Amino acid sequence: MKSTGVFQTIKSKILLMGIFSILVAVCIGVLGINSLNRNSSNSEIGSIVNEIDVLQAKNLALEAQYQYYIDQKYLDNILGNLSQMLSNVEVLQGMTGAAYKEKIGKMLDELTRIRDNYSQISEMEEEQDLRLEEMEDLNAEIINTMTSIGMKEDEIAAKEKEISTKEDEIVAKADEIGRKKRQIEETQAEYDAAVGREEA
């Protein structure tokens, strides 16, 4: 039940991150259109904006894949793309004029928040993987212990059977000794009777 709760928390965070990501993508798109209307550095700005859009599209796909597979590698790829997007937006900040500083500042804040949230999700995922690994190791240890106990029980059962066999042999020997003793007594009685008859 606890594991399910963790998954639900992670998925909820990712849904929120997806919404933030879409908002950032919209802001980037608006910035790109406006920037391309300027006469200076249009080509370079357009190239950077296109690269950010491509990275954003990749992250949206990676988000969907992660929600389905819950695999750490998708989070790693998302974080790598976000770092590249932040670098690109910082480059844009230096290339655009004062009119775009506020918008770019907001984009930087949103991307930083998204990256921090994904880092937190990644840490949760790694912690969960570690706990699952510890649980698997514990289960393996329990199985080995139970197997060992089973083997010990088999050894004990074999020893008990061996002891029971020895006890049966001892009882059989005691019975045999008893028969031999009775035979000796009977033989002695016959001998005594014969001696008595001869003396009479």
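Here, the structure is the one placed above.
Here the residue index of a chain counts from 1 through its sequence in written order. Totals for whole chains, interfaces and linings use every residue, but because this is a predicted model, local features are given only for residues with pLDDT of at least 70 and side-chain atom pairs only at 80 or more, for both listing and counting. Side-chain figures throughout are based on the complete set of non-hydrogen atoms in the structure, without hydrogens or water.

A. Examining the side chain of Asn88 more closely. Within the element layout of this structure, Asn88 appears in helix α3 (residues 72–95). Residue Asn88 is classed as buried on the basis of its relative accessible area, which comes to 7%. Residue contacts follow a heavy-atom distance rule, with two residues in contact if any of their heavy atoms lie within 4.5 Å. Not counting the four nearest positions on each side in its chain, Asn88 is found in contact with Ile48, Glu51, Ile52 and Leu55. In this description a helix means any DSSP run of H or I spanning at least four residues, a strand means any run of E spanning at least two, and both kinds are numbered starting from the N terminus. Note on classification: 1.4 Å probe, protein chains only; a residue is buried when its accessible area is under 20% of the maximum for its type, exposed when over 50%, partly exposed between these limits.

B. Looking closely at the packing of aromatic side chains. Here a pair means two rings of Phe, Tyr or Trp (six-membered ring of Trp) with centres within 6.5 Å. Their orientation is stacked below 30 degrees between planes, edge-to-face above 60, and tilted elsewhere. Counted according to the given criterion, the structure contains two aromatic pairs. Between Tyr69 and Tyr74 the ring centres are 5.9 Å apart and the planes differ by 20°, which places this aromatic pair in the stacked class. You can call Tyr74 buried: its relative accessible area is 11%. Members of the aromatic cluster, joined through ring pairs, are Tyr68, Tyr69 and Tyr74.

C. The nonpolar core, seen in detail. Residues belong to a common nonpolar core when they are buried Ala, Val, Leu, Ile, Met, Phe, Trp, Tyr or Cys residues joined through side-chain atoms within 4.5 Å. Formed by 25 residues in total, the largest nonpolar core has its most connected members in Leu82, Val89, Leu92, Ile104 and Tyr118. Sorting the residues of this core by element identifies α2 (42–69), α3 and α4 (101–199) as the ones contributing at least two each. The dominant element in this core, judged by the number of residues it contributes, is α3, at nine residues. In this structure, Leu82 is in contact with Asn59, Leu111, Ile114, Arg115 and Tyr118, ignoring residues within four places of it in sequence.

D. A look at the environment of Ser119. Relative to the helices and strands, Ser119 resides in helix α4. You can call Ser119 partly exposed: its relative accessible area is 26%. Considering only alpha carbons, one finds Ser119 and Leu79, 40 residues apart in sequence, at a separation of 7.3 Å.

E. Focus on the pattern of salt bridges. Whenever a carboxyl oxygen of Asp or Glu lies within 4 Å of a side-chain nitrogen of Lys or Arg, that contact is scored as a salt bridge. Taken as a whole, this structure holds three salt bridges when the rule is applied. Among the ionic pairs, Arg113 bridges to Glu110, the shortest N-O distance being 3.8 Å. Pair noted here: Arg113 and Glu110 are both in helix α4, with a separation of three residues, about one helical turn. For Arg113, a relative accessible area of 41% translates into the label partly exposed. A relative accessible area of 23% places Glu110 in the partly exposed class. Residue Asp116 pairs with Arg115 through a salt bridge whose shortest N-O separation is 4.0 Å.

By themselves, these observations are geometric and do not establish any function.
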